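Architecture at a glance
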Amino acid sequence: MEKKWWHGKTAYQIYPKSFLDTNGDGIGDLRGVINKLDYLKDLGIDIIWLSPIYCSPFADQGYDISDYYNIDPAFGTMDDMDELLAEAKKRDMHILMDLVVNHCSDEHEWFKKACEDPDGKYGKYFYIKDWKEGEPLPCNWRSYFGGPVWEKLPGHDDKVYLHVFHKKQPDLNWENVEVRQDVYKMMNWWLDKGLSGFRIDAIINIKKKLPFKNYPVDRNDGLSSIDNMLADAEGLFDFLDEMATETFRKHDAFSVGEVFNEKPEDLPLFIGDNGVFSSMFDFAETVINKSPKGAYDQKPVTAEQYKEAVFNSQKKVHGVGIISNVIENHDEPRGVSHYIPEGELTLAGKKMLGGLNFLLQGLPFIYQGQELGMENFCYNSIDEVDDISAKDEYKVALEAGLSPKDALHVIDHFSRDNARSPFQWSDKENAGFTSGKPWLRVNPNYTEINYEAQKDAADSVFNFYKKLTALRSSMEYNETLTYGETVPYLRETNNLLAYYRKGEKELLVLANFQTGARDIPVPEGFTKVILNNIEDIKLSGNTLHMEGYQLIVLGKE
Ligand code: TEU
Ligand code: CA
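Model, not experiment: these values are computed from the prediction.

1. Comments concerning the overall build of the protein
Helix and strand counts for the protein stand at 16 helices and 23 strands. Referenced to the eigenvectors of the C-alpha coordinate spread, the extents of the protein come out at roughly 80 × 55 × 50 Å. Within the protein, buried positions represent 60% of all 557 residues. Long-range contacts, defined as pairs at least 24 residues apart, comprise 70% of the intrachain contacts of the protein with a sequence gap of at least 6. For the protein, the exposed area adds up to about 21,600 Å²; of that, 49% sits on carbon and sulfur atoms. Distance from the positive charge centre (62 side chains) to the negative charge centre (91 side chains) of the protein: 2 Å.

Here it is, written out as structure tokens:
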């Protein structure tokens, strides 16, 4: 594998709206990110991905962009952004922005012009179709956030436009070369400014199966999941290869794709040596038990399912490319609440999950607050939920016959807002996130779970993450942890997730993924304790006594 500047690094996702507010408007801002660069440096972060900060009406929290060349005033100014880039550079840190180009906002000037003149230049930037009241829509696809993908074009009773996400997120027509050129121009503009790369949003959606046609109906709304269309669409890589050549490759930029449901044969095309991206996220764990019916039908993840997902992914990517490992992001519940059975969550379990994920082959991403062990929280009412996806899932659950209480419980578990509640800096009012009214409710557990309480506590989740980043960046183990093969150990042992990392050095990671203590045999030679999430280690001969949710990393002397 060809070595790249970003290999062996540690990345961190910031959801700016919820990170740190410095002007009291209740919304996190770029000044907040600048103020916390030293915090991130101290944590051991090299690469920072910012969720969208461009101008946006925030129908989908910035994933609906109305101006790609400006910073939304809620976050600050372009001067703040330039300062952030410069300050990051001083600290040898890299900034990535979110590239949201499957769609823009309906308030983007392209869409406004398309509405003014659907037959003109900008009409061709979108998918606009003739349609009359009473006629069937051009196709029966269901948008990700519920309802049909077609919406009446403002100002035109006889036309509809396509949106696979929210109706305020019209899809850009990637078949139109002018759209593609405009996107590349914008990307290069940012890369020229000193940006190190992009996280690429929802990218598989840019290739539609054309001409539009219906797929089998799969819910009683009479619609069909977008997944059916995506599985059928071909030619995605023509666009992506062109994008890579026109932008990333010219700048030696880092790119990480948000890719779901890829076909196995596509992996090298995405992240191989000549792949279109530097990396892509591993969502194999994220999608465990996801149901086509909706979140209400999703079962809790078991340790065995988690283990199989991890090992399958690791095997797939070895020798192909660098995968990006996550346990959560802004679209998912908090990993510690999601992967550890309800009622079993402890400090040890939080560290164990972090360690398991962090020590895999690939590039680790920490999502803000993960390093503190931030958890899901319970809503008192659906009115407290901001997220459009969660609102839709609530509706779907009610329609499936769940009581309002049970439907709200579904939201407790799966809402994207779980990860979007403000960062818990301290036990001061609003967790030290803002002096004003936070845009989204702070998790009431901030009085216990917060950075101030953890920074000097030797056994805190935060300090455990610092050990993880230090281990990954150490001269001794960086090569092994980045490129070394992941080889399962005692794979058949229930609730034990253990693996070797075999590179220049050899490591053995052992995790007792259950509450009960047990004895585990340890292979010859692994006598050096490199990391341990529970103080004492009981290794006698070749037998290791492990407490519930204990994680131990062993090496050779
Ligand atoms: O997500 C794309 C996506 O397909 C999943 O997020 C998923 O469908 C969604 O979370 C349903 O709950 C990306 C962004 O990460 C997400 O925040 C945006 O809402 C979406 O694209 C649209 O830009
Ligand atoms: Ca603010």
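2. What to know about the confidence of the model for the protein
With 100% of its residues at a pLDDT of 70 or more, the protein shows a mean pLDDT of 97. Predicted confidence in the protein is weakest over strand 21 (residues 538–540), with a mean pLDDT of 83, and strongest over strand 1 (residues 11–14), with 99.

3. So, the site of ligand 1
The immediate surroundings of ligand 1 are formed by 16 residues, with Asp60, Asp201, His330, Asp331 and Ser389 found nearest. Between Arg199 and ligand 1, the recorded distance is 3.0 Å, taken from a side-chain N or O atom to an oxygen atom. Between ligand 1 and His330, the relevant distance is 2.9 Å, taken from an oxygen atom to a side-chain nitrogen or oxygen of the residue. Relative to its unbound accessible area of 490 Å², ligand 1 is 89% covered by the protein chains. When its residues are assigned to classes, the shell around ligand 1 shows five nonpolar, four polar and seven charged.

4. Quick look at the coordination of the calcium ion (ligand 2)
Here the calcium ion (ligand 2) is held by Asp21 (OD), Asn23 (OD1), Asp25 (OD), Ile27 (O) and Asp29 (OD), and the distances to it run 2.3 to 2.4 Å. The sequence pattern describing where the donors of the calcium ion (ligand 2) fall on their chain is D-x1-N-x1-D-x1-I-x1-D. Accessibility expressed as a relative area gives 7% for Asp21, which makes it buried. Judged by its relative accessible area of 36%, Asp25 falls in the partly exposed class.

5. Notes on the environment of Leu230
Checked against the element boundaries, Leu230 lands in helix 6 (residues 226–232). Through-space distance from the C-alpha of Leu230 to that of Lys208 is 7.0 Å; in sequence the pair is 22 residues apart. Other than its neighbours up to four places away in sequence, Leu230 contacts Tyr144, Ile204, Asn205 and Lys207.

6. Remarks on the nonpolar core
The nonpolar side chains of a soluble globular protein tend to be buried with one another. Tyr12, Leu50, Met81, Trp190, Phe198, Met243 and Phe270 are the most contacted members of the largest nonpolar core, which has 161 residues in total. Leaving out residues up to four positions away in the same chain, Trp190 has contacts with Tyr54, Tyr68, Ile71, Met78, Met81, Met97, Leu195 and Phe198. Tyr489, Leu496, Val522 and Met546 belong to the second-largest nonpolar core, a separate cluster that totals 13 residues.

Cut-offs applied
Residues numbered from 1 in each chain as written. Chains lettered and ligands numbered in written order. Predicted model: local features only at pLDDT ≥ 70, side-chain atom pairs only at ≥ 80, totals over all residues. Heavy atoms only, no water. Helix = DSSP H or I, 4+ residues; strand = E, 2+ residues; numbered from the N terminus. Buried < 20%, exposed > 50% of the residue type's maximum accessible area, 1.4 Å probe, protein only. Contact = heavy atoms within 4.5 Å. Areas by Shrake-Rupley, 256 points an atom, 1.4 Å probe, with all protein chains shown as cover. Lys, Arg positive; Asp, Glu negative; His and termini not counted. Charge placed at Lys NZ, Arg CZ, Asp CG, Glu CD. pLDDT = per-residue confidence, 0-100. Near = heavy atom within 4 Å. Polar contact = N/O pair within 3.5 Å; in protein donor to acceptor, adjacent residues only side chain to side chain. Nonpolar A, V, L, I, M, F, W, Y, C, P; charged D, E, K, R; others polar. Donors = N, O, S within 2.8 Å, 3.2 Å for Na, K, Ca; no water. Core = buried A, V, L, I, M, F, W, Y, C linked by side-chain atoms within 4.5 Å.

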